[in-house]
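A structural walkthrough
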Amino acid sequence: MSPLRGHSTAVALLAAGLASMIAAAPAAAYMRNRPAANTLPGQGRFTDGDIDIVENLGQRIPPGLVLNDGLGKSVAIDSLLNQGKPLLVTMGYYKCPQLCNLVHQGLAKGLKEAGLIPGRDFTGLSVSIDPKEEPRSAVTNQARLLRALGEPPSATWPFLMPAPGQAGPEAKLAEAVGFRYHYDDKSKQFAHAAVAFILAPDGKISRYLYGVDFKPRDLRFALVEASGGRVGTTLDRILLTCFKYDPMIQSYTPFVFGFVRIGAGMSFAALAVLLAVLWRREWMSRRRRLA
C-alpha cells in the first residue's frame, strides 16, 4: 500500500467517526430529555377546560382588521404587515390581574436575552379581547412592556383594543389564530391561554409559543423562520437547519439530519484539505527521489 493510500484511508475513517459523533450527540441528548408523549397536549391543539388554542398554522389572518390604540387612533393591522418583518402578537386584556403581565414580562426577558429589538427585527402587537377596555390601561401596559425591553415609547409595539361600540375585529383575529377564551361572570375576568403568535410578514400564521417563560433560542428561531431568513444572522439560518420545532414539547429541538449534513460537510472539507496536503507531500517526495 502506498503512503498516500494509507493516509487517505486513515483520514476517511477519522472523518466518518467525527461525523457520527456530531450526529449522535444531539440525538442522544434529545431522546434523554424528551418527555413522554402521553403527558403532553396533542399536536396542533392546546386545551384546558373552557380555554382553547387551535393551531391554524399556514393560514392568514383576515384583512381589514382595524382597532384603536390607547390614544384613540385607528390602527389597521394590515399596516403592520408586508414590511419584511415578522409580527409577534399577544392577545389578552389589559386589566388582567396576572397572566397577561407575566406573558409580557417573559417576552421582554427572552427578547432581550436573544438580542431582538422591536422595529428592527420584528414588529410587536398586543390586542385586547375586552370590548370594554379602557384606553389608559392600554397606555399603561404598553409603557410597562417598553420599559422592560429598554425601548423608548415610540418603539414599534402598538397596544390595540376595540373601538367604543365597535367590538368585533378582536374576535375575528382571535378566531383566525385559534385563540379561544371564556368570560367568567362571577369573577368578571377572562380565562385564556398564555401564548404568543408569530406571523410571517404576509400575515400567515407561522408559529405558536406557549407559556410565560420564553426561551431566547425559541424566540430567535421562530422569528428567523417566519421572516424566511431575512431576520437574524447567517449563523442563525445555519443553526435553524439543525433545529426543528417539536409540537410535542413545544420547543425547538436538535434535528439529527441537520447535524448529519453539517457534520458530513465539515468532514468532507477536512478530508479534502488533508488529502491535498498529503498528495502534495507525496508529489514533492517523488520529485526529490527523481532529482
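Residues numbered from 1 in each chain as written. Predicted model: local features only at pLDDT ≥ 70, side-chain atom pairs only at ≥ 80, totals over all residues. Heavy atoms only, no water.

Here's the deal with helix α5 (residues 216-226)
Structurally, the α-helix is built with 3.6 residues per turn, so residues lying three or four positions apart point the same way. What counts is decided by this rule: Each residue is assigned to one of three classes by its accessible area relative to the maximum for its type, calculated with a 1.4 Å probe on protein chains only: buried under 20%, partly exposed between the two thresholds, exposed over 50%. Every helix listed is a DSSP run of H or I at least four residues long, and every strand listed is a run of E at least two residues long, numbered separately from the N terminus.
For α5, the tally of buried residues reaches eight of eleven residues, placing the bulk of the element in the interior. If you check which residues of α5 are buried, you get D218, L219, R220, F221, A222, L223, V224 and A226.

Section: the pattern of salt bridges
Condition: When a carboxyl oxygen of Asp or Glu is within 4 Å of a side-chain nitrogen of Lys or Arg, the pair counts as a salt bridge.
Taken as a whole and assessed by the stated rule, the structure comprises eight salt bridges. Linking D202 and R60 is a salt bridge whose minimum nitrogen-to-oxygen distance equals 2.8 Å. With D202 in the loop between β11 (195-199) and β12 (205-210) and R60 in the loop between β2 (51-54) and β3 (66-68), this pair connects stretches of sequence that are 142 residues apart. Judged by relative accessible area, which is 48%, R60 ranks as partly exposed. When the shortest N-O distance is used, the salt bridge between R136 and E134 registers 3.0 Å. On the basis of relative accessibility, which here comes to 25%, the residue E134 falls in the partly exposed class. Connected through shared salt-bridge partners, K95, E134 and R136 make up one network.

As for the nonpolar core
For clarity, the cut-off: Throughout, nonpolar core names a set of buried Ala, Val, Leu, Ile, Met, Phe, Trp, Tyr and Cys residues whose side chains join them through atoms within 4.5 Å. For this analysis, residues touch if any pair of their heavy atoms sits within 4.5 Å.
Among the nonpolar cores identified, the biggest contains 32 residues, and I61, M91, V177 and F179 are the most heavily contacted of them. Counting residues per element, the ones that place at least two in this core are β2, β5 (87-92), β6 (123-128), α4 (169-177), β11 and β12. Of all the elements, α4 adds the most residues to this core, at four residues. Every residue in contact with V177, bar those within four places of it in the chain, is listed here: V54, N56, I61, M91, F197, I205 and Y208.

Points about the side chain of S126
Where we set the bar: Under this definition, polar contacts are N or O atom pairs within 3.5 Å; protein pairs additionally need one hydrogen-donor-capable and one acceptor-capable atom, and for neighbouring residues in sequence, both atoms have to be side-chain atoms.
Relative to the helices and strands, S126 is located in strand β6. Take S126: its relative accessible area is 1%, and that puts it in the buried class. Within the structure, S126 has its side chain in polar contact with the side chain of W157 (distance 3.1 Å). Filtering out sequence-adjacent residues up to four positions away, S126 remains in contact with T90, Y94, H104, W157, P158, F159 and L160.

Overview of the packing of aromatic side chains
Just so we agree on the cut-off: Whether two aromatic rings pair depends on their centres lying within 6.5 Å, for rings of Phe, Tyr and Trp, where Trp uses its six-membered ring; planes under 30 degrees apart make the pair stacked, over 60 edge-to-face, and the rest tilted.
The final tally for this structure, using the stated rule, is nine aromatic pairs. With centroids separated by 5.9 Å and ring planes inclined at 40°, the aromatic side chains of F179 and Y181 adopt a geometry described as tilted. Under the relative-accessibility criterion, F179 is labelled buried at 2%. Relative accessible area serves as the criterion here: at 26%, Y181 is assigned to the partly exposed category. By the ring-pair criterion, three or more aromatic residues cluster together here, those being Y93, F179, Y181, Y183, F190, F197, Y208 and Y210.

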